[in-house]
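The residues making up each chain are set out below.
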Amino acid sequence: TDEVSYEVMNNDENYISIVSLGYVYELGAHGMPYRYSYIFDTATGKKVSAAKLLGISKKQLNEKVRSLYLEQFDKDPESGFYPSRDDVQSALEDLDFNKNLYYLKDGKIYFYADPYVVGPYAAGFMEVSIDLEEKA
(Lines give C-alpha, C1' and ligand atoms only; values in the text may rest on other atoms or scores of the structure.)
Protein backbone atom coordinates (compact mmCIF):
# COMPACT_ATOMS: atom_id res chain seq x y z
CA THR A 1 0.00 0.00 0.00
CA ASP A 2 0.98 3.60 -0.36
CA GLU A 3 -0.53 6.54 1.49
CA VAL A 4 0.17 10.05 0.25
CA SER A 5 -0.74 13.48 1.57
CA TYR A 6 0.80 16.92 1.38
CA GLU A 7 1.43 19.86 3.64
CA VAL A 8 1.92 23.51 2.72
CA MET A 9 4.87 24.53 4.85
CA ASN A 10 5.16 28.13 3.64
CA ASN A 11 2.85 30.35 1.61
CA ASP A 12 3.77 34.03 1.55
CA GLU A 13 4.35 36.76 -1.03
CA ASN A 14 7.74 35.29 -2.00
CA TYR A 15 7.66 31.50 -1.74
CA ILE A 16 5.38 28.51 -1.54
CA SER A 17 6.88 25.41 0.03
CA ILE A 18 5.06 22.09 -0.28
CA VAL A 19 6.00 18.73 1.16
CA SER A 20 4.42 15.56 -0.18
CA LEU A 21 4.34 13.01 2.62
CA GLY A 22 4.04 9.31 2.00
CA TYR A 23 4.18 5.96 3.68
CA VAL A 24 4.67 2.81 1.68
CA TYR A 25 4.21 -0.68 3.06
CA GLU A 26 5.62 -3.62 1.10
CA LEU A 27 4.98 -6.51 3.50
CA GLY A 28 8.12 -6.08 5.62
CA ALA A 29 8.47 -5.54 9.35
CA HIS A 30 7.20 -1.98 8.86
CA GLY A 31 6.52 0.51 6.12
CA MET A 32 8.76 3.39 5.14
CA PRO A 33 7.84 7.05 5.29
CA TYR A 34 9.07 9.31 2.51
CA ARG A 35 8.96 12.97 1.53
CA TYR A 36 9.22 14.97 -1.67
CA SER A 37 9.54 18.69 -1.17
CA TYR A 38 9.44 21.72 -3.42
CA ILE A 39 9.85 25.46 -3.05
CA PHE A 40 8.37 27.75 -5.72
CA ASP A 41 8.91 31.45 -6.38
CA THR A 42 5.45 33.04 -6.28
CA ALA A 43 6.38 35.67 -8.89
CA THR A 44 7.65 33.24 -11.52
CA GLY A 45 6.13 29.90 -10.49
CA LYS A 46 9.56 28.30 -10.93
CA LYS A 47 11.21 25.91 -8.50
CA VAL A 48 13.79 27.51 -6.26
CA SER A 49 16.76 25.62 -4.85
CA ALA A 50 18.00 25.92 -1.29
CA ALA A 51 21.40 26.98 -2.62
CA LYS A 52 19.80 29.85 -4.53
CA LEU A 53 17.76 30.92 -1.49
CA LEU A 54 20.95 31.04 0.57
CA GLY A 55 23.09 32.59 -2.18
CA ILE A 56 25.72 29.84 -2.15
CA SER A 57 26.89 27.07 -4.48
CA LYS A 58 25.51 23.55 -4.36
CA LYS A 59 28.84 22.31 -3.02
CA GLN A 60 28.83 24.93 -0.26
CA LEU A 61 25.26 23.98 0.61
CA ASN A 62 26.20 20.32 1.09
CA GLU A 63 29.23 21.27 3.18
CA LYS A 64 27.15 23.59 5.38
CA VAL A 65 24.31 21.11 5.96
CA ARG A 66 26.68 18.23 6.66
CA SER A 67 28.54 20.37 9.19
CA LEU A 68 25.24 21.23 10.91
CA TYR A 69 24.42 17.54 11.30
CA LEU A 70 27.88 16.84 12.72
CA GLU A 71 27.56 19.78 15.13
CA GLN A 72 24.24 18.37 16.28
CA PHE A 73 25.86 14.94 16.75
CA ASP A 74 28.77 16.47 18.70
CA LYS A 75 26.39 18.34 21.03
CA ASP A 76 24.24 15.29 21.74
CA PRO A 77 25.33 12.01 20.14
CA GLU A 78 22.40 10.23 21.76
CA SER A 79 19.76 12.46 20.14
CA GLY A 80 18.77 9.79 17.65
CA PHE A 81 21.96 9.38 15.66
CA TYR A 82 23.86 6.17 15.06
CA PRO A 83 26.50 5.78 17.81
CA SER A 84 29.59 6.32 15.64
CA ARG A 85 30.43 9.82 14.39
CA ASP A 86 32.38 8.23 11.54
CA ASP A 87 29.27 6.29 10.44
CA VAL A 88 27.16 9.45 10.52
CA GLN A 89 29.81 11.42 8.63
CA SER A 90 30.14 8.69 6.02
CA ALA A 91 26.36 8.54 5.52
CA LEU A 92 26.20 12.32 5.12
CA GLU A 93 28.85 12.22 2.40
CA ASP A 94 26.50 10.10 0.31
CA LEU A 95 23.64 12.61 0.60
CA ASP A 96 23.11 15.47 -1.82
CA PHE A 97 20.95 17.95 0.05
CA ASN A 98 20.35 19.81 -3.21
CA LYS A 99 17.96 17.05 -4.29
CA ASN A 100 14.79 18.27 -2.63
CA LEU A 101 15.80 17.21 0.89
CA TYR A 102 14.62 20.55 2.24
CA TYR A 103 11.60 22.74 2.80
CA LEU A 104 10.93 26.33 3.85
CA LYS A 105 8.99 27.14 7.01
CA ASP A 106 8.88 30.15 9.34
CA GLY A 107 11.87 31.87 7.73
CA LYS A 108 14.11 28.80 7.91
CA ILE A 109 15.18 26.15 5.46
CA TYR A 110 14.90 22.71 7.03
CA PHE A 111 17.07 19.92 5.67
CA TYR A 112 16.21 16.32 6.40
CA ALA A 113 17.71 12.86 6.19
CA ASP A 114 15.39 9.92 5.65
CA PRO A 115 14.98 7.25 8.34
CA TYR A 116 17.96 4.86 8.56
CA VAL A 117 20.36 7.32 6.89
CA VAL A 118 22.04 8.89 9.97
CA GLY A 119 20.00 7.19 12.67
CA PRO A 120 17.68 4.29 13.29
CA TYR A 121 14.16 4.05 11.89
CA ALA A 122 12.69 5.15 15.23
CA ALA A 123 14.52 8.51 14.94
CA GLY A 124 12.41 9.33 11.88
CA PHE A 125 13.41 12.19 9.59
CA MET A 126 16.34 13.89 11.28
CA GLU A 127 16.45 17.62 10.56
CA VAL A 128 18.72 20.63 10.81
CA SER A 129 17.85 24.17 9.77
CA ILE A 130 19.36 27.40 8.50
CA ASP A 131 17.69 30.73 9.16
CA LEU A 132 17.25 32.63 5.89
CA GLU A 133 18.48 35.74 7.65
CA GLU A 134 21.89 34.21 8.38
CA LYS A 135 22.42 33.26 4.70
CA ALA A 136 24.68 30.28 5.48
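Residues numbered from 1 in each chain as written. Predicted model: local features only at pLDDT ≥ 70, side-chain atom pairs only at ≥ 80, totals over all residues. Heavy atoms only, no water.

Spatially, β4-β5-β6 is the arrangement adopted by the three strands of the open sheet, whose pairing is antiparallel. Lying at the two open borders of the sheet, with one neighbouring strand each, are β4 (102–105) and β6 (126–131). Within the sheet, the average angular offset between the axes of one strand and its neighbour, ignoring direction, is 25 degrees. Pairing of β4 with strand β5 (residues 108–113), which is carried by four bridges, proceeds in the antiparallel orientation. Across the sheet, the residue bridging to L104 is I109, located in β5. Sitting on the sheet, helix α2 (residues 58–75) touches β5 and β6, and the angle it makes with β6 is about 120 degrees. (Pairing = 2+ DSSP bridges. Helix = DSSP H or I, 4+ residues; strand = E, 2+ residues; numbered from the N terminus. Axes fitted to C-alpha atoms, helices over the stretch in contact; angles between N-to-C directions. Contact = heavy atoms within 4.5 Å.)

This brings us to the side chain of N98. In this fold, N98 is placed in the loop between α3 (85–93) and β4. Of note is the side chain of N98, whose polar atom sits 2.9 Å from the side chain of D96. When neighbours within four sequence positions are excluded, N98 is seen to be in contact with A51, K58, L61 and N62. (Polar contact = N/O pair within 3.5 Å; in protein donor to acceptor, adjacent residues only side chain to side chain.)

Next up on the list: the packing of aromatic side chains. Two measures describe an aromatic ring pair: the distance that separates the ring centres and the angle between the ring planes. Per the counting criterion, the structure on display carries 10 aromatic pairs. Relative to F125, the ring of Y112 lies with its centre 5.7 Å away and its plane at 90 degrees, an arrangement referred to as edge-to-face. Of this pair, Y112 sits in strand β5 while F125 sits in the loop between β5 and β6, and the two are 13 residues apart along the sequence. Judged by relative accessible area, Y112 falls into the buried class, the value being 0%. In this structure F125 comes out as buried when scored by relative accessible area, which is 18%. On the basis of an interplanar angle of 40 degrees and a centroid distance of 5.7 Å, the ring pair of Y116 and Y121 is categorised as tilted. The exposure class of Y121 is partly exposed, given its relative accessible area of 25%. Through a chain of ring-to-ring contacts, three or more aromatic side chains come together here, namely Y69, F97, Y102 and F111. Positioned above the aromatic ring of Y112 is the side chain of R35, whose terminal nitrogen or guanidinium carbon lies 4.7 Å from the ring centre. The ring of F125 has R35 sitting right over it, with the charged end atom 4.0 Å from the ring centre. (Phe/Tyr/Trp six-rings, centres within 6.5 Å; stacked < 30°, edge-to-face > 60°. Buried < 20%, exposed > 50% of the residue type's maximum accessible area, 1.4 Å probe, protein only. Lys NZ or Arg CZ within 6 Å of the ring centre and 35° of its normal.)

Read these as layout, nothing more, since geometry by itself doesn't imply function.
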